[in-house]
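One-letter residues, chain by chain:
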Amino acid sequence: MLPANDWNEVQLMLDADILRGSINGSAGLGSGWTEDDSTGFGAMGFYVGGTGEIRLKDMAYKDLSVRELPKEQTSSHFKIQELDPYYYSWGTAAADFNHDGKLDLAAGPYYYLGPDYTKRREIYAAATFSPSSQFIKNSWLNFAADFTGDGWADVIDAGAGQPTTLYVNPKGEPRRWDAHVVIPSSNTEISLLKDINGDGRPDLVLGVGGVVSWAEPNPANPTGPWVVHAVSGPRGAGAHGLGVGDVNGDGRQDILTATAWYEQPAKGSTQETWTFHEESFGGRGGAEMAVYDANGDGLADVVTALDAHGFGLAWYEQKRDPAGKISFVQHMIMDDFSSKNAGGVTFTELHGSTSGDIDGDGIPDFIVGKRYWSHEDSYTDPDPHGAPVLYWYRTVRNKNAPGGAEFVPELIHNHSGAGSQVLAMDLNGDNALDVAVSTNRGTFIFWGTQRKK
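Residues numbered from 1 in each chain as written. Predicted model: local features only at pLDDT ≥ 70, side-chain atom pairs only at ≥ 80, totals over all residues. Heavy atoms only, no water.

Caption draft 1: Seen up close, the environment of Phe-444. Tracing the backbone through its elements, the reader meets Phe-444 in strand 31 (residues 442–448). Accessibility expressed as a relative area gives 4% for Phe-444, which makes it buried. Note: C-alpha distance between Phe-444 and Trp-140 (304 residues apart in sequence) is 16 Å. Discounting chain neighbours no more than four positions away, the residues touching Phe-444 are Ile-80, Gln-81, Glu-82, Leu-83, Ser-416, Val-435, Ala-436 and Val-437. (Helix = DSSP H or I, 4+ residues; strand = E, 2+ residues; numbered from the N terminus. Buried < 20%, exposed > 50% of the residue type's maximum accessible area, 1.4 Å probe, protein only. Contact = heavy atoms within 4.5 Å.)

Okay, structure coming up:
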């Protein structure tokens, strides 16, 4: 939709003989093609139909035939360990799978044995993919917990358009794990593992048939179909953007999407679906949405990527009117290349993110990266050949900043990126948060260092 009497951003990309266009971050212009067999040069211009007046400004172009991968950099606050150089998964999960008292790391078909993470075992038959021409089939998201109640941590693979599969830990037996489809299909590319009903056991939050839902194992048959609870009505769940947190401070977990937040009813309520609160958190949706008090005013704010396949990172300051009604004010952290962004940092395809206290100051920070070649080696997404970066944004409470907070970026690594998940956890028990990702560049742990208070 083109807003009248306002500026609209148009982006055109010519790759070989294919012309792709987008308006205001959405692919509304469709695709076309040239007729010169990709060999000629010529004028660049616009044709505008209709009878209204049009004005143009801030025109710029970039030569896409030059592709650059900058020299590898790793933050001085992290030590990198590459577990695997191949493309197996978009996600990671951690648990003590072999009962040796050390956390292990699962990524797709393998789990890597801690504390060294140099040895690995298969969960299921491993097959790698070509980042340039193949999209991963099954392992978009990984989760780990004891889902069967037998005392051994299991693994879940999930993702849009595919079954949610439970892999049951063989309790130390040197074999592949039994697989059970527990949810036939999901329509969200983001799922989250959170304790929704407060029973101390993790639940899976996802979209099922367009309905925002949460699912839990049936205790009588945990490897059978899981019990799925509807949160929204139809068309509540889009492909991107999902968050969990206590938005209104009532002690219950609420669920957020790119277009709304859903208030969990009180325990014992007979309400069929959760209370709907319309709110645009970017509209198109990004990755995992973080819910925490960014500015220290006691209200839960939201930090989120705006477009998993485009530009945008923002935080949303919670406001309340005298009657207690909740609203949010957007504060941009990173827009597109035409904007002045925090730390001068701009990248696209913010498909994987999470939050965690990286610097140990007691305030959560936001960790996010570029999912490099989200749609293989193509120009389906803007700036697909930009460096595969992974950043953490330090949350700084600053009364002089808009909304009372600012987000200061620090590069973790520029050759890995983020998949569909980012894991932030103290893997080795040194009281410093570590970051793990699995992408089409490999599987990595970034070991955090203790910070001086």
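Caption draft 2: Region of the structure containing the sheet that holds strand 24 (residues 326–334). The sheet built from eight strands is open, its strands ordered 20-19-18-17-21-22-23-24 with mixed pairing. In this open sheet, the two edge strands, each paired with only one partner strand, are strand 20 (275–278) and strand 24. Along the sheet, successive strands turn relative to each other by an average axial angle of 20°, direction set aside. Strand direction decides the pairing type here: strand 18 (residues 254–257) and strand 19 (residues 260–263), joined by two bridges, are antiparallel. Each residue of the ladder has a partner; that of Leu-256, found in strand 19, is Trp-261. (Pairing = 2+ DSSP bridges. Axes fitted to C-alpha atoms, helices over the stretch in contact; angles between N-to-C directions.)

Caption draft 3: How the structure looks around the side chain of Asp-381. Within the element layout of this structure, Asp-381 appears in the loop between strand 26 (365–369) and strand 27 (390–397). Within polar-contact distance, the side chain of Asp-381 engages the side chain of His-375 at 2.8 Å. Apart from the residues lying within four places of it in its own chain, the contact partners of Asp-381 are Met-13, His-309, Glu-349, Ser-374 and His-375. (Polar contact = N/O pair within 3.5 Å; in protein donor to acceptor, adjacent residues only side chain to side chain.)

Caption draft 4: Main features of the side chain of Asp-336. Secondary-structure assignment places Asp-336 in the loop between strand 24 and strand 25 (352–356). No salt bridge forms around the buried Asp-336; measuring N to O, its nearest opposite-charge neighbour Lys-57 is 11 Å away. Side-chain polar atoms of Asp-336 contact the side chain of Ser-338, separated by 2.5 Å. Those residues in contact with Asp-336 that lie beyond four places of it in its chain are Glu-9, Phe-311, Asn-341 and Thr-346. (Lys, Arg positive; Asp, Glu negative; His and termini not counted. Salt bridge = Lys/Arg side-chain N within 4 Å of Asp/Glu carboxyl O.)

Caption draft 5: Just the environment of Ile-326, in detail. Residue placement: Ile-326 occurs in strand 24. Sequence-wise, Ile-326 and Glu-279 are 47 residues apart; in three dimensions their C-alpha atoms are separated by 9.9 Å. Contacts of Ile-326, omitting those with residues within four sequence positions, involve Val-247, Asn-248, Trp-261, Gln-318, Lys-319 and Arg-320.

Caption draft 6: Local environment of the packing of aromatic side chains. Applying the stated criterion across every chain, the model contains 21 aromatic pairs. Between Tyr-88 and Tyr-110 the ring centres are 5.3 Å apart and the planes differ by 85°, which places this aromatic pair in the edge-to-face class. Here Tyr-110 lies in strand 7 (residues 110–113) and Tyr-88 lies in the loop between strand 4 (78–84) and strand 5 (93–95), a separation of 22 residues in the sequence. When the ring of Phe-444 is compared with that of Phe-446, the centres are 6.0 Å apart and the planes differ by 15°; the resulting orientation is stacked. Looking at Phe-446, the relative accessible area reads 0%, which means it is buried. Three or more aromatic residues joined by ring pairs form one cluster here, namely Tyr-87, Trp-90, Phe-129, Phe-135 and Trp-140. Across the ring face of Trp-90, the terminal group of Arg-371 is positioned such that the distance to the ring centre comes to 4.5 Å. (Phe/Tyr/Trp six-rings, centres within 6.5 Å; stacked < 30°, edge-to-face > 60°. Lys NZ or Arg CZ within 6 Å of the ring centre and 35° of its normal.)

Caption draft 7: How the structure looks around the nonpolar core. One finds Val-303, Leu-313, Phe-347, Phe-366, Tyr-393 and Phe-407 to be the most contacted residues of the largest nonpolar core, which totals 21 residues. The element contributing the most residues to this core is strand 28 (residues 405–413), with three residues. By size, the runner-up hydrophobic cluster in this structure holds 20 residues, among which are Trp-140, Phe-143, Val-168 and Trp-226. (Core = buried A, V, L, I, M, F, W, Y, C linked by side-chain atoms within 4.5 Å.)

Caption draft 8: Looking closely at the pattern of salt bridges. In this structure the tally under the stated criterion is 12 salt bridges. Taking the shortest distance from any N to any O, the salt bridge between Asp-84 and Arg-120 comes out at 2.0 Å. With Asp-84 in strand 4 and Arg-120 in strand 8 (residues 119–122), this pair connects stretches of sequence that are 36 residues apart. For Asp-84, a relative accessible area of 1% puts it in the buried group. Owing to a relative accessible area of 38%, Arg-120 belongs among the partly exposed residues under this scheme. Connected through salt bridges with shared partners, the residues Glu-173, Arg-175 and Asp-178 form a single ionic network.

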